[in-house]
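Each chain, written out:
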Amino acid sequence: MILLVAMNDILFSAAIFDYDGTLTERSYSSVPPLELRKILQELSGKIPMAICSARTFPQVLEKLAVLLGDRYLELRKYWTLFVENGGAGYFYNASDNESDNESAFTEFYRAQWPEKLFSRKKFDQLVNNFFMHKVDYISVNQSCYIFRPL
């Protein structure tokens, strides 16, 4: 998907993709097709690029590495990551020779749990009791819950 955004009378283009089920098949371990990976690598650096995912930050970094292949260290700086269903965002903020994956990205926002509205601890208990036998996967992230139904 290519989005065109006007800001201060300047037109910007950006490509923003969901990973699972959009760039890949629905399978948890799917890899985007080689042709698609080549196209996304070619676009990197030409326009801002982003991945959106329900996955956590470390998981999305792994997927970005798969997407960019042997050009990962060169191209990762052109990507922004939106993780936990939009619960947090990360941008590249390191020198080109920094090799540590996670520290190369900086969290620029995180949705906070609305503790004043309802207790996270109580919600955890409700979720576990209600969904225990109705889902095959529950991911409790910092800012959201991810459920995969049976």
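Above this text is the structure in question.
To start, this report covers the structure provided alongside it. (Residues numbered from 1 in each chain as written. Predicted model: local features only at pLDDT ≥ 70, side-chain atom pairs only at ≥ 80, totals over all residues. Heavy atoms only, no water.)

**Quick word on the overall build of the protein**
When its secondary structure is counted, the protein shows five helices and eight strands. Overall, the protein shows an N-to-C arrangement of helices and strands of β-β-α-α-β-α-α-β-β-β-α-β-β. Out of the 150 residues in the protein, the part that is buried amounts to 33%. Expressed as a percentage of contacts within the protein between residues at least 6 apart in sequence, the contacts between residues at least 24 apart total 47%. Summing over all exposed atoms, the protein offers an accessible surface of approximately 9400 Å²; the carbon and sulfur share of this is 57%. (Helix = DSSP H or I, 4+ residues; strand = E, 2+ residues; numbered from the N terminus. Buried < 20%, exposed > 50% of the residue type's maximum accessible area, 1.4 Å probe, protein only. Contact = heavy atoms within 4.5 Å. Areas by Shrake-Rupley, 256 points an atom, 1.4 Å probe, with all protein chains shown as cover.)

**Regarding the nonpolar core**
Counting residues in each nonpolar core, the largest one holds 24 residues, and the members touching the most others are Ile51, Leu64, Trp79, Leu81 and Phe105. Broken down by secondary-structure element, the contributors of at least two residues to this core are strand E2 (10–18), helix H1 (19–23), strand E3 (49–52), helix H3 (57–68), helix H4 (72–75), strand E4 (79–83) and strand E5 (88–92). With six residues, the single largest contributor to this core is H3. The contact partners of Ile51, leaving out residues within four places of it in the chain, are Phe17, Tyr19, Val60, Leu64, Leu67, Trp79, Thr80, Leu81 and Phe82. (Core = buried A, V, L, I, M, F, W, Y, C linked by side-chain atoms within 4.5 Å.)

**So, helix H5 (residues 120–131)**
Helical periodicity: at 3.6 residues per turn, an α-helix aligns residues three or four positions apart in one direction. For H5, built from twelve residues, the straight-helix expectation of 16 Å at 1.5 Å per residue is met to within 8% by its first-to-last C-alpha distance of 16 Å. One side-chain oxygen of the residue at the start of H5 lies 3.2 Å from the amide nitrogen of Lys121, identifying that residue as Ser119. (Expected span 1.5 Å × (residues − 1). Polar contact = N/O pair within 3.5 Å; in protein donor to acceptor, adjacent residues only side chain to side chain.)

**A few points about H3**
Here H3 is twelve residues long and its end C-alpha atoms lie 16 Å apart, about the 16 Å a rise of 1.5 Å per residue gives. All buried positions along H3 are accounted for by Phe57, Val60, Leu61, Lys63, Leu64, Leu67 and Leu68. One side of H3 holds all its buried residues, which, seen down the axis, span an arc of 165°. At the C-terminal side of H3, Gly69 shows a positive phi close to 55°. (Arc of directions from axis to C-beta.)

**Focus: the packing of aromatic side chains**
Here the structure, examined in full by the defined rule, presents ten aromatic pairs. With a centroid separation of 5.4 Å and 75° between ring planes, the pair formed by Trp113 and Phe118 is classed as edge-to-face. Residue Trp113 is classed as buried on the basis of its relative accessible area of 18%. Each member of the aromatic cluster is reached from another via a ring pair, and the members are Phe57, Tyr90, Tyr92 and Phe105. Above the ring of Trp113, the side-chain terminus of Arg120 is found at 4.7 Å from the ring centroid. (Phe/Tyr/Trp six-rings, centres within 6.5 Å; stacked < 30°, edge-to-face > 60°. Lys NZ or Arg CZ within 6 Å of the ring centre and 35° of its normal.)

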